[in-house]
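Breakdown of the fold
Take a look at the letters that make up each chain.
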Amino acid sequence: MRARSVPLVVAAALLLGACGGGSEPTPAPAPGTPAGGTTAAAAPQSGGSTAAPAGDFAVEPPGPLRGTPLQGPDMLVYSQDSLSADMVERIEGLKGVDAVEPLAMAQVPVEDKVINLAAVDPATYRRFLEPPSARLLEAWKRVAAGEIAVLPTMKKKIPMDRQGFLSLGNATGAPKAHVGAYVAQVPQIDAVVNEKWGELLEMKPGNALLVSADITSPQALRKPIQQIAGDEASVQILGPDLDTSVQQTAFLVGSVADAVGTFNYTVLGGGRIAPDPAWVTEHIRTEPVPILGSVTCNKAIFPQLRAALTEVVERGLADEIHPDEYAGCYYPRFIAGSTKLSNHSFGLALDFNVPGNLRGTVGEIDRTVVSIFKKWGFGWGGDWRYTDPMHFEMVAIVEPRT
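Keep in mind the model is a prediction, meaning the values are calculated, not measured.

Along the chain, the regular secondary structure elements total 10 helices and 20 strands. Burial status across the chain gives 53% buried among its 402 residues. Of the contacts formed within the chain by residues at least 6 apart in sequence, a portion of 72% connects residues at least 24 apart.

See below:
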């Protein structure tokens, strides 16, 4: 069998440097984490680079913040599809709503995590942040210039390269954005880029809406906003923890996004989630494959999973994969101890030979088996900064041809 790659998303590696400085009338806090956990410190530039960012990903730079920051949004409306202009206008016009801000939201796989990414207008989105972050003009100029701003708490958790670039996806050749700032964001958002990046990543424009209330309780606004937004949208009250009382939306972007589909889900106990049954019916299958027998995965994975396992057998390596040490594929859940979706939730990841391939080790799995799976469009957790050598996940569509 031969493999033919079919790219679903444009992949580009962009080398972005720091953009120009600037200051607000109100001084920004010094780098670090003041009381309350707010960090608004621009990321240092590798080698002191002052090269201009790629013009294709720059938008109009923001000026000084006008008026008083809104002290954070109270609610988030999030949908699989773009919210209509009429819908946004009606929500904005509700009594008790102070301000709204449309943005694009999606999930991006970054090694073992699926981070919540927003594509925003840096000039207006910042109004919804706490004052130290809202007033850090340098950070928002960098986002406008094409860099990415990341939560300070994720600084040690994201796998940047030595030049400070973060791959937005696990596929080889996934787009890379330079980390320009560490800035506290609104709840449930881990990182932000500008709207041109959103276009490159094929995020759904305007599928989310931040809502700031006046003195009205957000609980009192939830029902009228839900009536306007419809049953397919999630209307959640924002706080330090995920609002598990309402449905959530999983909108994956990257090289396999079209094949995976988008789904709403509800949160269960024990870190588990319940995806929309219609999505499960459409995308999740239990089918036989070589070596492992019957497995339950996303239907998109089966052609190249069978191709990889068939080649393992044909090359005399079947004994290198142990069916009794296989830990599953489709497992709808959060990453342990978090409210971040696991790639297993999409049915795209498999764990092999678990006992000898624990996290943080080089692993015992045969490296020829690894190379075969990479050939057939799978990424390997053994290549990650914090290794997970049992883990293989589909990162590209590869069409088997005889």
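Once the structure has been displayed, the description carries forward.
Turning our attention to the pattern of salt bridges. Opposite charge on two side chains makes pairing possible when the charged atoms of those side chains draw close. By the definition in use, this model includes seven salt bridges. A salt bridge links Arg-127 to Glu-101; its shortest N-O distance comes to 3.4 Å. Of this pair, Arg-127 sits in the loop between helix H2 (122-125) and helix H3 (131-134) while Glu-101 is found in strand E4 (residues 97-110), placing the two residues 26 residues apart along the sequence. Judged by relative accessible area, which is 28%, Arg-127 ranks as partly exposed. Glu-101 sits in the buried class, given a relative accessible area of 6%. Between Arg-315 and Glu-311 there is a salt bridge, with the nearest N and O atoms lying 3.1 Å from each other. Owing to a relative accessible area of 48%, Arg-315 belongs among the partly exposed residues under this scheme. Salt bridges sharing partners connect three or more residues here, namely Glu-311, Arg-315 and Lys-375.

Our focus in this paragraph is the confidence of the model for the chain. For the chain, the average pLDDT comes to 82, and 82% of its residues sit at 70 or higher. Note that residues 2-54 has pLDDT below 50 and, in this model, 128 contacts with residues that lie over four places away or in other chains.

Positive phi values are uncommon outside glycine, yet Gln-188 reaches one of about 75°. Among the secondary structure elements, Gln-188 is positioned in the loop between strand E8 (176-183) and strand E9 (191-194). For Gln-188, a relative accessible area of 15% gives the class buried. Even without being a glycine, Asn-353 presents a positive backbone phi close to 45°. Checked against the element boundaries, Asn-353 lands in the loop between strand E17 (349-351) and helix H10 (367-375). Taking relative accessible area as the criterion, Asn-353 reaches 5% and is therefore assigned buried.

This brings us to the packing of aromatic side chains. Here the structure, examined in full by the defined rule, presents 12 aromatic pairs. Between Tyr-265 and Phe-334 the ring centres are 6.3 Å apart and the planes differ by 70°, which places this aromatic pair in the edge-to-face class. Of this pair, Tyr-265 sits in strand E13 (residues 263-267) while Phe-334 sits in the loop between helix H9 (302-314) and E17; the two residues are 69 residues apart in sequence, bridging distant segments of the chain. Aromatic side chains Phe-373 and Phe-392 sit 5.0 Å apart centroid to centroid with 45° between the ring planes, which places their arrangement in the tilted category. Within this pair, whereas Phe-373 is found in helix H10, its partner Phe-392 is found in strand E19 (residues 391-394), the two being separated by 19 residues in sequence. Both residues of the pair, Phe-373 and Phe-392, belong to the buried class.

Ordered by their spatial adjacency, three strands build an open sheet running E17-E19-E18, and the pairing between neighbours is antiparallel. Strands with a single pairing partner mark the edges of an open sheet, and in this sheet they are E17 and strand E18 (378-380). With direction set aside, neighbouring strand axes in the sheet form an average angle of 25°. Against the sheet, H10 makes contact with E18 and E19, and its axis sits at roughly 140° relative to E18, the strand it touches most.

You can see Ala-119 is positioned in strand E5 (residues 113-120). Apart from residues lying up to four places away in sequence, Ala-119 is in contact with Leu-103, Ala-104, Val-193, Asn-194, Glu-195, Gly-198 and Met-203.

Now for helix H4 (residues 137-144). Given 3.6 residues per helical turn, the α-helix brings residues three or four places apart onto the same face. The element H4 is largely enclosed, with a buried count of seven among its eight residues. Taken together, the buried positions of H4 are Leu-137, Glu-138, Ala-139, Trp-140, Arg-142, Val-143 and Ala-144. Residue Gly-146 follows H4 closely and has a positive phi angle near 115°.

Basis of the calculations
- Residues numbered from 1 in each chain as written.
- Predicted model: local features only at pLDDT ≥ 70, side-chain atom pairs only at ≥ 80, totals over all residues.
- Heavy atoms only, no water.
- Helix = DSSP H or I, 4+ residues; strand = E, 2+ residues; numbered from the N terminus.
- Buried < 20%, exposed > 50% of the residue type's maximum accessible area, 1.4 Å probe, protein only.
- Contact = heavy atoms within 4.5 Å.
- Salt bridge = Lys/Arg side-chain N within 4 Å of Asp/Glu carboxyl O.
- pLDDT = per-residue confidence, 0-100.
- Phe/Tyr/Trp six-rings, centres within 6.5 Å; stacked < 30°, edge-to-face > 60°.
- Pairing = 2+ DSSP bridges.
- Axes fitted to C-alpha atoms, helices over the stretch in contact; angles between N-to-C directions.

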